[in-house]
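Observations on chain architecture
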Amino acid sequence: HADVAMYRAKELGNDNVQFYASEMNASIDEKLGLLEGLRAALDSCQDDDAGACQFELLYQPKVDLRSGRLFGVEALIRWHHPEQGLVSPDRFIGLAEESGLIVPIGEWVLRTACAQNVAWRAAGLPPISMSVNVSARQFEDKRLVERIADALGASGLPPQDLEVEVTESLIMRDLGRSVDKMRELEAMGVSLSIDDFGTGYSSLSALKSFPITRLKIDKSFVADLASCADDQAIALAVISLGHKLDLRVIAEGVETEQQRDFLRANDCDEMQGYLFSRPLPAQALARLLADGHGVVA
Ligand code: C2E
Ligand code: MG
Ligand code: MG
Ligand code: MG
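Every chain's residues receive numbers from 1 upward, in the order its sequence appears when written. Starting at A for chains and at 1 for ligands, labels are handed out in the order in which the entities are written. Local features in a predicted model are, by the rule used here, given only for residues with pLDDT of at least 70; side-chain atom pairs are given and counted only at 80 or more, and totals for whole chains, interfaces and linings are based on all residues. The side-chain values count all of the structure's non-hydrogen atoms but skip hydrogen atoms and water molecules.

An unreviewed UniProt entry annotates the chain as EAL domain-containing protein originating from Massilia arenae.

Next comes the structure, spelled out in C-alpha cells:
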C-alpha cells in the first residue's frame, strides 16, 4: 500500500512522497496492531474465566415515553485493551467487519447478552427485552440464524425477548436475501428493529415489506430537536410513518428534557439516551431494575 501511495504521489508530482509513505505505514501498522489485539481479545473471552475477558457488554435502558417504564436494554460492546485502555466500538467494529472477526465477536455478544438477560430474571428482577446490534457481515453470515438459535437455546431466553438491530444500508445491500433472513428471524419469534433510521437509504416500498417491529430515529436528528425546525420535521415524519406502518418508534440519543418533551408531545413511543441513563455495566443495570424502574408505578 505504501508503494502505491508513493507511486501516486510521484505521478502527481508531489514532493512530500516520504511523508505520504510513512504516514500510510503508520496507519497500516496501527491497523495491524489493533487487529492482532482484537484476535487476542477474542481469545481472552473464549474460556469461562469471565475476569480475563477483554470485552464487556454495557446495557443502555430503553424507556417507554408514556409510562416511564424501563422495558428493555441495548447491549453495547466495550473493549478493555491491555495497553490502550478503553477502545470504543467506533474504533474497532469497522476493522472487525473488514477482517471477518465480527462474526465470532458477534457470537460472543449474542451469547453474553442472552445469558445476562436470563441471569437478571433468575435474580428475581422484572423481565425486560434485550437488543443486540448486528452488522452487515454478521447478517450475511449463512449461520446467523443458527447462531441466534444456539444463543437462545444455551441461555434459555425466550426468542420474544431478543431483538436484533440492523441498519437500512445493511438491508439494502441485498434486499431479497435480507428480507428472507428477516422472515426467518421473525418465524423464530425474534424481533427486528431498524437502527439509525433516516441516515441510510431505503425506499418506502421496501420498508413496507420488512418484518420489523421498531424504527429507531437516529440520534443525529435528536441532537438539535429543541431548536432545529428541520430536525423536528424529520422526527415527526418518522413517527408518523412508523405508526402508519404499525411500528413502534424509539428515539436514540435523548439527552435533554426538551428533547424528551417534544418527543412525548408528538407521540413518539420510546426513548433511549443519557437523559435517562448512559450504557451501564450489568450490575448497575440490575440495581436500576431492582429500584423499580422495570415496573410501572
Ligand atoms: P448504535 O447501535 O446506533 O448505538 C448507539 C450509540 O449511541 C452508542 O454508542 C451509545 O453509547 C450512544 N448513545 C446512547 N445514548 C446517547 C446519548 O444520549 N447521546 C450520545 N451522544 N450518544 C448516545 P457506542 O456504544 O459507542 O456504539 C457505537 C456503535 O457501535 C453502535 O451504534 C453500533 O453500531 C456499534 N456497536 C456497538 N456495540 C456493538 C456490538 O456488540 N456489535 C456490533 N455489530 N456493533 C456494535
Ligand atoms: Mg443500535
Ligand atoms: Mg443507533
Ligand atoms: Mg449509530
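1. Digging into the pattern of salt bridges
A carboxyl oxygen of Asp or Glu within 4 Å of a side-chain nitrogen of Lys or Arg is what we treat as a salt bridge. Counted under the stated rule, the structure contains 21 salt bridges. Asp269 is the salt-bridge partner of Arg66, the closest N and O atoms lying 3.2 Å from each other. Remark: Asp269 occurs in the loop between helix H12 (257–265) and strand S9 (270–271) and Arg66 occurs in the loop between strand S1 (55–64) and strand S2 (70–81); sequence separation between them is 203 residues. Counted as one network, the salt bridges with shared partners bring together Lys62, Asp64, Glu74, Glu163, Glu165, Arg214, Lys216, Arg248, Glu252 and Glu270. Numbering of helices and strands runs from the N terminus; a helix is a DSSP stretch of H or I covering at least four residues, while a strand is a stretch of E covering at least two.

2. So, the packing of aromatic side chains
Side-chain rings of Phe, Tyr and Trp (the six-membered ring for Trp) are treated as a pair once their centres are within 6.5 Å; stacked means planes under 30 degrees apart, edge-to-face means over 60, and tilted covers the remaining angles. Applying the stated criterion across every chain yields a total of five aromatic pairs. Clustering of aromatic rings is evident, with ring pairs tying together Phe55, Trp79, Phe92 and Trp108. The ring of Phe139 carries the charged tip of Lys181 above its face, separated from the ring centre by 5.9 Å. A positively charged side chain is recorded as over a ring if its NZ (Lys) or CZ (Arg) lies within 6 Å of the ring centre. The angle to the ring normal must also be within 35 degrees. Sitting over the face of the ring of Tyr274, Arg278 holds its NZ or CZ atom 3.8 Å from the ring centroid.

3. What to know about the coordination of the magnesium ion (ligand 2)
A donor here means an N, O or S atom no more than 2.8 Å from the metal, or no more than 3.2 Å when the metal is Na, K or Ca. Since water is not included, a site may seem to lack partners. Distances from the magnesium ion (ligand 2) to its protein donors, Glu74 (OE), Asn133 (OD1), Glu165 (OE) and Asp195 (OD), fall at 2.1 to 2.2 Å. Separation of the magnesium ion (ligand 2) from the magnesium ion (ligand 3) amounts to 4.0 Å, with Asp195 serving as a shared donor to the pair. Separated by 30 residues along the polypeptide, Glu165 in strand S5 (residues 162–167) and Asp195 in strand S6 (residues 191–197) bring together distant segments of the chain. Like Asp195, Glu165 is buried. Throughout this description, buried means an accessible area under 20% of the type-specific maximum (1.4 Å probe, protein chains only), exposed means over 50%, and partly exposed covers the range between.

4. Structural notes on the pairing of S2
The buried fraction of S2 amounts to eleven of the twelve residues, a majority that puts the element mostly inside the structure. A strand pair is defined by DSSP finding two or more bridges across the two strands. Where S1 and S2 come together, nine bridges link them in antiparallel fashion. Residue Glu56 lies in a different strand from S2, and its bridge partner there is Arg78. Where S1 hands over to S2, the hairpin turn is made up of five residues, of which Gly68 adopts a positive phi near 80°. Pairing analysis gives four bridges linking S2 to strand S4 (residues 129–133), with the strands arranged parallel. Residue pairing for S4: Gly72 is matched across the bridge by Ser129. By the bridge criterion, three bridges tie S2 to strand S3 (residues 85–87) in an arrangement that is antiparallel. Of the residues in S3, the one forming a bridge with Trp79 is Val87. Taking the residues between adjacent antiparallel strands as the criterion, S2 and S3 are bridged by three residues.

5. With respect to the coordination of the magnesium ion (ligand 3)
Looking at the magnesium ion (ligand 3), one finds its protein donor set to be Asp195 (OD), Asp196 (OD), Glu252 (OE) and Glu252 (OE), positioned 2.1 to 2.6 Å from the metal centre. Sequence positions of the donors to the magnesium ion (ligand 3) reduce to the motif D-D-x55-E.

6. Structural notes on the confidence of the model for the chain
Known as pLDDT, the predictor's confidence for each residue is given on a scale from 0 to 100. Per-residue confidence for the chain averages 92 on the pLDDT scale, and 91% of its residues sit at or above 70. Note on the complex model: pTM 0.92, ipTM 0.98.

7. Description of helix H11 (residues 229–244)
An expected span of 1.5 Å times one less than the residue number is assigned to each helix. Across its 16 residues, H11 extends 22 Å between first and last C-alpha, which sits within 8% of the 22 Å expected from 1.5 Å per residue. Those residues of H11 not exposed but buried are Asp231, Ala235, Val238, Ile239 and Gly242. When H11 is viewed along its axis, its buried side chains cluster within an angular range of 100° and face the same direction. Away from its buried face, by an angle of more than 90 degrees, H11 presents the exposed residues Ala229, Asp230 and Lys244. The contact criterion used throughout is that any non-hydrogen atoms of two residues lie within 4.5 Å. Each element contacted by the buried residues of H11 is listed here: S6, strand S7 (214–217), helix H10 (219–222), strand S8 (248–251) and H12. Two residues or fewer after H11 comes Asp246, characterised by a positive phi angle close to 70°. Note: the arc covers the axis-to-C-beta directions of the helix.

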